[in-house]
Every structure is written in structure tokens, then in C-alpha cells.
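The residues making up each chain are set out below.
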Amino acid sequence: MNKIVINGSGKLNGTLSVNGAKNSALPILAATLIAEGEYSIDNIPDLKDIRTMIKLLETFGLKAEKTDDHSYKITNSGVKDIEAPYELVKEMRASFVVMGSLLAHVKKARVSLPGGCAIGTRPIDFHLQGFEKLGAKIVLDHGFVTAEAVELVGARVKLPFPSVGATQNILMAAVKAKGETTILNAAREPEIDDLSSFLNKMGANISGIGTDELKIQGVEKLIPCKHSIIPDRIEAGTFIIASIINDGDLEIQGVIKEHLKGFIKKLEKMGVEFEFNNDRLKIKADLEKLKPVKISTEPYPGFPTDLQAQTMVLLSLTNGKSELKETIFENRFMHVLELNRMGAKIKLEGNKASINGPVDFIGAEVSATDLRAGAALVLAGLVADNTTIVNEIQHIERGYEDLVERLQSVGAKISKQ
Ligand code: UD1
């Protein structure tokens, strides 16, 4: 069961529900290291990355119990170990966010240098500079980073770039620091807001949520809380593209319009119409009449890099020459080669892709090189003539729960073999 086989049908009918956001659930699970007691967290997607984070928490001495398909009870009866081992951190770069929460609670953390998707060098210098500003001493040895502080003291931390992970890590380290911390040029992604509201429910004092200037007044004690994770805007965006490129009548449930504004704005410019009924969405688009567009990925609220690969499939089916510029990661075009093997006409020049459409996708045997690249290949397969075989699907399974079964439920001819 390590490949996905698709026979493009071009018709999807029914309802697809969006799951909880992986990128929100991961730092929120890491935040349970901050205070002792029992947490109840709902709407957690059932994914390998989540299981990796749970294993990490267990390594530190926490207990995790799955109370239903998408809920966990986490019990923190004291952190017993502070080392995040290579076997777990290499599986997932987001493991690095345990550094901030361990620092907040036990003032010491030792974390193996992270792995994750192969979409660029993805350094952690901003995270470490932030910890240092708060008074931690950082030592790098044998592939591990150790951070330690006698006392964390609030500071002004200006990020050179609004890094999502660095904002989360510094935020968590700061909640119990003495005095006030300001994170300037903070990331504004909805997943940061979700983490901030989780921490505030625990008793933290974070203001400026949703802006690029987060203020954190350190508090002495935090307590556990109950929380429900926000819907996954990237999964929603992937389903939106599936709906546009496939004929039929698809409804997407669980979409927060505001979270997708940068994406929706560009698609509206192309001629796509969105009909929201609270969190239910129907999309109207005539693929033949859509206009080409120029897109540049940007930090939130701009166009998300995590939807760049999937959007290339839509642009390949659109009449005319579109342009997609990737400004967040330097090596995030690995899907282009595979899409071109399926008939796309995409030319790369540095961080810019020129997409000539419309093309007819033709089924081929391809490989997912990372999570979102994999999603793009599945989307192309859904509309391709003949059979598409997508290999290396472990990447797709890191971020989409039961994608094959859910697409089958709306009529796609797709299976796992
Ligand atoms: C998070 C998301 C990922 C998304 C990305 C950008 C999670 C688990 N992952 O990744 O899906 O694609 O945000 O929206 O939430 N950088 C540095 N130094 C640092 C930190 C980052 O130079 O210390 C650079 C990175 O190399 C990259 C850019 O900043 O070029 C953005 O990275 P960042 O926002 O940190 O992404 P992640 O948190 O890793």
C-alpha cells in the first residue's frame, strides 16, 4: 500500500469536510509541556506527524490517550526528560517547537537538529537568536542544540523574516519569562492565533494576536485547558482546486473564509466565484473561461506557499500564460518536473515558474517529493487521461488524512495499492 493509483474521471459530487489543521495541532500539542495537569484537545487530524509529536511528548514523560478519532487527553505529571532524539526530530521539522515549551517549563531543552520536507535549507537561526534574547544559553554539539537558562527574562525580539516556527517557539518560551516580551515582525498565520488563544486559555497574557507585533506579559503559573483546533486552510485550498478542475457538484465543509483570503483573492481574479454559507462552500468556475494570473507566495495574509504546487495544476488547465513566484522557500519546485512528465508546460527561471495552458494532463508514473507536491500530483491525476501512479505517498500521508478514501467518497476513481 505505498502508491496511489488514479483513473482521471473529471467528476466529483458530494461533500468533503475539512479536518483540523496539522500545523496548528503540532505546536499546541508541544505547548502541553508548559504546565502540569490534564489537557483535552479536539479536532486533531489523524496523521503521522501528529503521532510523531505524541511520541515526542511521551519521550519527555507525558501521557497521551486518544479519546476518539480526533481527540486526545494529554496528561503532564512533570517533564522527566528534556532530550528530543534524532529518530523523532528527523521525521518532522516541526518537532523543534518543543524547545520553546521545554524552556518555558524546565528552563532546559536538548533537541536534535530538525529534518522535515526537503524544500530548502530551512535553518533555525531565528529561533535560537530569540531564545538568546530571552536569556538562554545555546550550545550546538553532535547535531543537537541545547538551550538552557537560569531565568528567562522578557525582551524585544525582532525577527528578520516572519517565520512561523520561530514565532511559535519564542512565544512559548516567553509566556513564563519575567516581564514583557515583544515579538516584532511576528508571523500572522492563523496557526499562530490558535496557539496564542490556547496559551491565553492556559492563563498566559498575550496581546496583539493577529498582528505582526505580539506582546507577552510573563505570568508565573499556567494551567491546562480544553481546546478545539482550527480547520486546515491548506486542506481546504486543496479541495477548492479539486472542485474547480473537476466538473460536478462539490461542497466543502469547514472552511474559514478569512483564513484563505490571499488565495481566494487570486482565484477570484481568475474568474472563480465562491459561495459561502457560513463554513460551507460551493465554487462556481468555468475552467475554459478562467483567466491566467500572476501569483507570488507571501507570508500570511498573502498567497500561501503551501498551496503553490496545487495551484500550478489549476494554472496548467487555464488558457494563457500564468506566473508563480516562490518567495518563501528556495527549493520548492520539485513537483514541476513530475507535472511536466504528465503533460504540463511549466518553465522555471530561478524562483519563477511560467505556466502555459491549457494542457491535457496525461497519466504517468510519478513520485511525490514532498507533502504539497504530492497533493498536486494527485490533483493532476484526477483530471488526467489514462492511469496515474503516484509513488512515495508517505509524504502525502504526513498532511492529508485518508485522502484516498475521502476522494473516493465524492466519486474519484482512486485507490491505494
Ligand atoms: C511553517 C509550516 C509550513 C509552511 C511555512 C511557511 C508548520 C509545521 N509548517 O514552516 O507548512 O510552508 O510555515 O508558511 O507549521 N527561516 C530562516 N531561519 C529560521 C526560520 C526560518 O531563515 O530560523 C526561513 C526559512 O528557511 C524559510 C522562511 O524563513 O525560507 C519561512 O520559514 P518558516 O515560516 O519558519 O516555516 P516553518 O515554520 O518551518
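Residues numbered from 1 in each chain as written. Predicted model: local features only at pLDDT ≥ 70, side-chain atom pairs only at ≥ 80, totals over all residues. Heavy atoms only, no water.

Colleague: Give a description of the domain arrangement of the protein chain that names residues and reports values.
Modeller: Here the protein chain is described as being made up of domain 1 (4-19 + 231-416) and domain 2 (22-228). For domain 1 versus domain 2, the distance between C-alpha centres works out to 30 Å. Taken residue by residue, the interface counts 23 residues in domain 1 and 24 residues in domain 2. Summing the contributions of domain 1 and of domain 2, the shared interface buries around 2000 Å²; its carbon and sulfur component is 54%. Of all residues in domain 1, the largest losses of buried area upon contact with domain 2 belong to Tyr-300, Arg-398 and Glu-401, amounting jointly to 35% of the total for that side. Counting across the domain 1 and domain 2 interface gives two salt bridges. Summed over the shared surface of domain 1 and domain 2, the number is six residue pairs in polar contact (both at pLDDT 80 or more). A class-by-class count of the residues in the side of domain 1 that touches domain 2 yields nine nonpolar, four polar and ten charged. (Domains from an automatic or database assignment. Contact = heavy atoms within 4.5 Å. Buried area = accessible area lost by both parts, 1.4 Å probe. Salt bridge = Lys/Arg side-chain N within 4 Å of Asp/Glu carboxyl O. Polar contact = N/O pair within 3.5 Å; in protein donor to acceptor, adjacent residues only side chain to side chain. Nonpolar A, V, L, I, M, F, W, Y, C, P; charged D, E, K, R; others polar.)

Colleague: Any chance you could break down the sheet that holds strand S15 (residues 247-253) for me, citing the residues and the numbers?
Modeller: Taking strand neighbours across the sheet as the criterion, the four strands line up as S2-S15-S17-S16 in an open arrangement whose pairing is mixed. The open sheet terminates on both sides in strands that have one partner only, identified here as strand S2 (11-17) and strand S16 (273-277). Sheet twist, expressed as the average angle between the axes of neighbouring strands with direction ignored, equals 15°. Summarising the sheet, S15 and strand S17 (residues 280-284) pair through three bridges and their orientation is antiparallel. Its bridge partner lying in S17, Gln-253 is registered against Arg-280. Relative to S15, helix H8 (residues 233-245) is tilted by about 160°, and along the sheet it contacts S2, S15, S16 and S17. (Pairing = 2+ DSSP bridges. Helix = DSSP H or I, 4+ residues; strand = E, 2+ residues; numbered from the N terminus. Axes fitted to C-alpha atoms, helices over the stretch in contact; angles between N-to-C directions.)

Colleague: If you had to explain the nonpolar core to someone new, which residues and values would you point to?
Modeller: Core analysis: the largest hydrophobic core is formed by 74 residues, its most contacted members being Val-98 and Leu-199. Counting residues in hydrophobic clusters, the runner-up holds 70 residues, among them Leu-12, Ile-283, Val-366 and Leu-382. (Core = buried A, V, L, I, M, F, W, Y, C linked by side-chain atoms within 4.5 Å. Buried < 20%, exposed > 50% of the residue type's maximum accessible area, 1.4 Å probe, protein only.)

Colleague: Which residues make up helix H5 (residues 125-133), and what values go with them?
Modeller: Residues His-127, Leu-128, Gly-130 and Phe-131 constitute the buried set of H5. All buried residues of H5 fall inside an arc of 160° around its axis, so they share one side. Packed against the buried residues of H5 are helix H4 (98-106), strand S8 (137-141), strand S9 (144-148), strand S10 (156-158) and helix H6 (164-174). One or two residues past the end of H5 sits Gly-135, with phi positive at roughly 105°. (Arc of directions from axis to C-beta.)

Colleague: Lay out the pattern of salt bridges with the relevant residues and their values.
Modeller: The full count for this structure, using the stated rule, is 23 salt bridges. Two residues, Glu-397 and Lys-416, come together in a salt bridge whose shortest N-O distance is 2.8 Å. Of this pair, Glu-397 sits in helix H13 (residues 394-397) while Lys-416 sits in strand S24 (residues 413-416), and the two are 19 residues apart along the sequence. Under the relative-accessibility criterion, Glu-397 is labelled partly exposed at 32%. Look at Lys-416 and you get partly exposed, because its relative accessible area is 29%. Connected via shared salt-bridge partners are Lys-22, Asp-49 and Arg-398.

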